[in-house]
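# Structure at a glance
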Amino acid sequence: MLYFFRYKSITGAIHDNRVPVIMICLQVLCSGTPTPSHLRWGSSFVLKMDDSKWFMFDCGPAATYKLVQAGISPLDVSDLFFTHHHSDHDSDYACLLLSRFDMSIGNESPLKVYGPPPTVSLTEKLIAEDQGAYWHDIVARTNHPLSLWAYQQRGGVLPRAVPVVDSKDISPGVVLSNDDVVIEAARVEHVQPYLDSLAYRVNYNQGSIVFSGDTRPCQSLIDLAKNADVLVMECIRLHKDMKDNITSECESSAQAAGEVANSAGVKMLVLTHQSPDLDQPFKKEEVIQEVQKSYNGRIEWAVELEQICYEA
Ligand SMILES: [Zn+2]
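Let me sum up the structure you'll find in this document. In this text the structure is predicted, and so the values were computed from the model without any measurement.

Each value, and the rule that gives it
Residues numbered from 1 in each chain as written. Predicted model: local features only at pLDDT ≥ 70, side-chain atom pairs only at ≥ 80, totals over all residues. Heavy atoms only, no water. Donors = N, O, S within 2.8 Å, 3.2 Å for Na, K, Ca; no water. Tetrahedral: all angles 85-135°; square planar, octahedral: opposite > 155°, others 65-115°. Helix = DSSP H or I, 4+ residues; strand = E, 2+ residues; numbered from the N terminus. Buried < 20%, exposed > 50% of the residue type's maximum accessible area, 1.4 Å probe, protein only. Pairing = 2+ DSSP bridges. Contact = heavy atoms within 4.5 Å. Arc of directions from axis to C-beta.

### Description of the coordination of the zinc ion
Six octahedral donors around a metal ideally sit at 90 or 180 degrees from one another, while four tetrahedral donors ideally sit at 109.5 degrees. Ligation of the zinc ion by protein atoms is provided by H84 (NE2), H86 (ND1), H190 (NE2) and D214 (OD), these donors lying 2.2 to 2.3 Å from the ion. Taken together, the 4 donor atoms coordinating the zinc ion span angles of 92 to 166° at the metal, a pattern that classifies the geometry as irregular. In the primary sequence, the donor residues of the zinc ion line up as H-x1-H-x103-H-x23-D. Here the residue H84 occupies a position in the loop between β5 (77–81) and α2 (87–90), and D214 occupies one in the loop between β11 (207–211) and α7 (219–224), the gap between them amounting to 130 residues. Grouping residues by exposure puts H84 and D214 together as buried.

What follows is the structure in structure tokens.
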């Protein structure tokens, strides 16, 4: 049985004193679209199982700042999974890499990064020797006495190495597997052929959580999310605002999110990627009603800097 609760990660405490079998924490960082609002901007979540490092899913605008606001060090992210390379899902990647480099003392494991192409070339364009857009910064910080002093002050031992990132272009299938977790990817349908898009399922010992990324409702997502505990799903607009235009061929409405959640039989649906319109008064209630036409499981409304935690 699952027990769900949520709390504000900055100010709140966990309102539960039972000892769980496994504690799963989903931290909402970015839950919006490319259009910034005072409530949301871009896409990014981090996920942690018990005392593991954090897995990050997408790295949209300001994700690194929000990560730190949530009390998580950029160095505590071990793996980053991109669903696709629209800028609202990857534009804080440089900031994450360079913040990690700036905080490093040289003994951390390299960040592992997975995603559809061009994940590898994007990484190289940012930090590769000579060619990377930020190579000048890396040269300065690994040579000037000011940066070397700061590096030693925080515990680093000279010589200071350049940042190393283990990035991979991946396709559907199992992308990570160890004793604690198996992560698999499935292709979903968004803006192909210009950008490929993946959804991810994280299977841990007692359950699973799925990240849809951006997609129209599609069978591959339903199959990937089959009987999962949690589906984190795009919900960009109400159905009535999408049905007569191209958006329904590329994105998911509230109705579509409910239908996918119902078809997959998930226990909880987390709605994210809301357009600014859905944060207007009374729209959230309309969204929930639309979702509940087809889905009667637990529904959560993604709020930036809140955590959705559960024991499994
Ligand atoms: Zn997109």
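### Quick look at the pairing of strand β8 (residues 173–177)
Here β8 pairs with strand β9 (residues 181–187) via 4 bridges, running antiparallel. In the strand pairing of β9, S177 is matched with V182. Linkage of β8 to β9, two consecutive antiparallel strands, is achieved through a turn of 3 residues.

### Some points on the side chain of S167
Among the structural elements, S167 can be located in strand β7 (residues 165–169). For S167, the residues in contact, after removing those within four places along its chain, are Y93, V113, T119, V120 and T123.

### Looking at helix α4 (residues 119–127)
The periodicity of an α-helix, 3.6 residues per turn, causes residues three or four positions apart to be oriented the same way. Among the residues of α4, T119, T123, L126 and I127 are the ones counted as buried. Considered in projection along α4, the buried side chains sweep an arc of 70° and stay on one side of the axis. Residues of α4 that are buried make contact with α3 (93–103), β6 (111–115), α5 (135–141) and β7.

### Some words on unusual backbone geometry
Of note, the amide linkage connecting P117 to P118 takes the cis form, showing an omega dihedral of 5°. Looking at the secondary structure, you find P118 in the loop between β6 and α4. Residue L158 is joined to P159 through a cis peptide bond whose omega torsion reads 5°. For P159, the location among the structural elements is in the loop between α6 (145–153) and β7. The phi torsion at D130 lies on the positive side, around 70°, for a residue other than glycine. Along the polypeptide, D130 turns up in the loop between α4 and α5. The residue F282 is not glycine, and still its phi comes out positive at about 75°. Tracing the chain through its elements places F282 in the loop between β13 (268–272) and α9 (283–292).

In short, geometric facts, not functional conclusions.
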